[in-house]
Amino acid sequence: MNGPERFEAHDDGDDGDVGDVGDVGENGREGEHGPEGKGNTRDEGGLRDEDGLQDEGDPRDEDGLQGEGSETQRGDTPAPGGPPRIPMPRASVEDSGLPLPAPADLGLTPPPPAPPVLEHPVLKALLGAWALAACSAEEATAVEEHLGDCGSCADEARRLREAVGLLQRPESLDLDPGLRTRVLDTCLERRPPRIPVPDWAAAYDAETARLDALLQDFGDAEWHAPVRLRWFRADAAPSRRTTVAGVIAHLLSVDGLVAVALGLDDPLGDVPSRKPTPAARTEALWRASHFPPTRFVRAPWREQSHGLVRTVSFTGGGAGKMPVPYGDFELPLHDAMLDRAFECWVHAEDIADAVDYPYDPPSPRHLHRMIDLAARMLPTALAHRRRAGLASPAHHRHLVAAGEPGRSLRLEIEGSGGGEWLIPLDSPAAKGSAEHEVAHVALDGVEFCRLAAGHVPPQEAAAGQVGDRDAIRDVLFAAASLSRM
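Conventions we followed
- Residues numbered from 1 in each chain as written.
- Predicted model: local features only at pLDDT ≥ 70, side-chain atom pairs only at ≥ 80, totals over all residues.
- Heavy atoms only, no water.
- Pairing = 2+ DSSP bridges.
- Helix = DSSP H or I, 4+ residues; strand = E, 2+ residues; numbered from the N terminus.
- Polar contact = N/O pair within 3.5 Å; in protein donor to acceptor, adjacent residues only side chain to side chain.
- Contact = heavy atoms within 4.5 Å.
- Salt bridge = Lys/Arg side-chain N within 4 Å of Asp/Glu carboxyl O.
- Buried < 20%, exposed > 50% of the residue type's maximum accessible area, 1.4 Å probe, protein only.
- Phe/Tyr/Trp six-rings, centres within 6.5 Å; stacked < 30°, edge-to-face > 60°.
- Lys NZ or Arg CZ within 6 Å of the ring centre and 35° of its normal.
- Axes fitted to C-alpha atoms, helices over the stretch in contact; angles between N-to-C directions.
- Parallel < 35°, antiparallel > 145°, perpendicular 65-115°, else oblique.
- Nonpolar A, V, L, I, M, F, W, Y, C, P; charged D, E, K, R; others polar.

A. Representation of the pairing of strand 9 (residues 431–444). In the sheet, strand 7 (residues 405–414) pairs with strand 9 via 9 bridges, with the strands oriented parallel. Residue Pro405 lies in a different strand from strand 9, and its bridge partner there is Lys431. The pairing of strand 9 with strand 10 (residues 464–467) spans 4 bridges and is classified as antiparallel. The residue bridging Ala439 from the neighbouring strand is Gly467, located in strand 10.

Given below as structure tokens:
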């Protein structure tokens, strides 16, 4: 029997005694229930000795170790014959009085709401909005479920979707032509250049960069794609067949006129030319090539264009009036750079058409400068045609002194880069006057540039015309005569 002050595991070693629940034998198994013996018995209150007296509590100390006279045991390992360390079952959250967790806290999402129940007339009326993606999510779900059951609505929805596709313009793979200008302007605002490019050379810089980007990924097939150069002379429209590489060689030879005027190397080198005109120089360069021009012509053209921009930047704004001879005529340097930018854009469109690739017009600011150059050259071109007998009869002329107002035609250019110009009709030295206006012509900006490039016949120019028919015809043909190879 245990002492009154402590409790020790009791095991008499008597084979006749059968252990109660919780008693552990030598093999570590709990004893089975049996008839009451001499051993200790267990009830809900604790342990009882043979006399039925209940011992006081568990004699373990705070560290979970048994007291004196017993083997030292860990708190998590029950001593032989001691109470088992079995955890109590957990209480349910419903019995604890605490609020239940939200489904979102458990990672559960509520099921989507059921689509609204709509009648057939309502669903049919929503087909147009559904095709334009203007329905709410619930309405779109209801319409799509209805299309699986209603054949007539499904056919109507298909037709509406096809119509919406026709309304959307196809997006070009090319970047916005004004993107380069905006990026450069932003960079130059933050860090102004030490030697800026003159404003009158910016168009040439931009157009040569755009054409160079178009040529960058060309293969041999693109470089040898056929291109037909077109221009207008007298009342005829001659043309010349070449390749993409031949067009770049043409730009290289004509840009060489500006290079020579600036003191740079002539791209023709020792190749002789009949006349110092753009056409003669181009023919001379083509004849000097033992084989048709290939992709290797891009490098000298690119280097020369960079050299022109760099040189005019170092000359400053004062060199803009330096004359550049074109053989039959000459232009100031600032107009010659605009002329080269205009021709670079026109021939870039020729190349893009040859390889079936889209090409956008110049930015509105540069396009306006090109149109202004052509409008300023119209009186001289008109006078040349009149001297050649290609303009209206002499009795329509009204000669005035230089600088005095005379008969004029109002040229209205619509669209980006547009504006209005008063073109003197009777003398290049006369001054355009609204009081002496005899005709009015309206043209789109890109259409007018293609007319000046000889790509649109004057008879087919889509122009709004009011006033003197002869004056209108003279100006349209003069605009086409500005073109050359």
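B. Expanded view of the side chain of Asp255. Along the chain, the position of Asp255 falls in helix 9 (residues 244–261). A polar contact of 2.6 Å, which involves the side chain of Asp255, links it to the side chain of Arg340. Residues within four places of Asp255 in sequence aside, it is in contact with Tyr204, Trp301, Gln304, Leu308 and Arg340.

C. Here's a closer look at the pattern of salt bridges. Considering all chains together, one arrives at 21 salt bridges under this definition. The closest approach of N and O atoms between Arg158 and Glu162, which form a salt bridge, is 3.4 Å. Residue Arg158 and its partner Glu162 are both found in helix 5 (residues 151–167); the two are separated by 4 residues, about one turn of the helix. Its relative accessible area of 44% is what places Arg158 among the partly exposed residues. Between Arg298 and Asp212 there is a salt bridge whose closest N-O contact spans 2.9 Å.

D. Representation of the packing of aromatic side chains within the structure. Enumeration over the complete set of coordinates arrives at 4 aromatic pairs. Plain terms: the ring middles of Phe218 and Trp223 are 6.1 Å apart, the flat faces sit at 80 degrees to each other, and that makes the pair edge-to-face. For Trp223, a relative accessible area of 2% puts it in the buried group. Here Arg161 stacks its cationic end above the ring of Trp130, 4.2 Å away from the centre of that ring. Over the aromatic face of Phe477 sits the side chain of Arg473, whose NZ or CZ is 4.3 Å from the ring centroid.

E. Representation of the packing of helix 14 (residues 445–452) against helix 15 (residues 469–480) within the structure. Their axes nearest at 6 Å, the elements helix 14 and helix 15 cross at an angle of 70 degrees. Viewed along their axes, helix 14 and helix 15 adopt a mutual orientation that is roughly perpendicular. Listed contacts from helix 15 to Phe448, Leu451 and Ala452 of helix 14 are Leu476, Ala479 and Ala480. The class makeup of the residues in the contact of helix 14 with helix 15 is 6 nonpolar, no polar and no charged.

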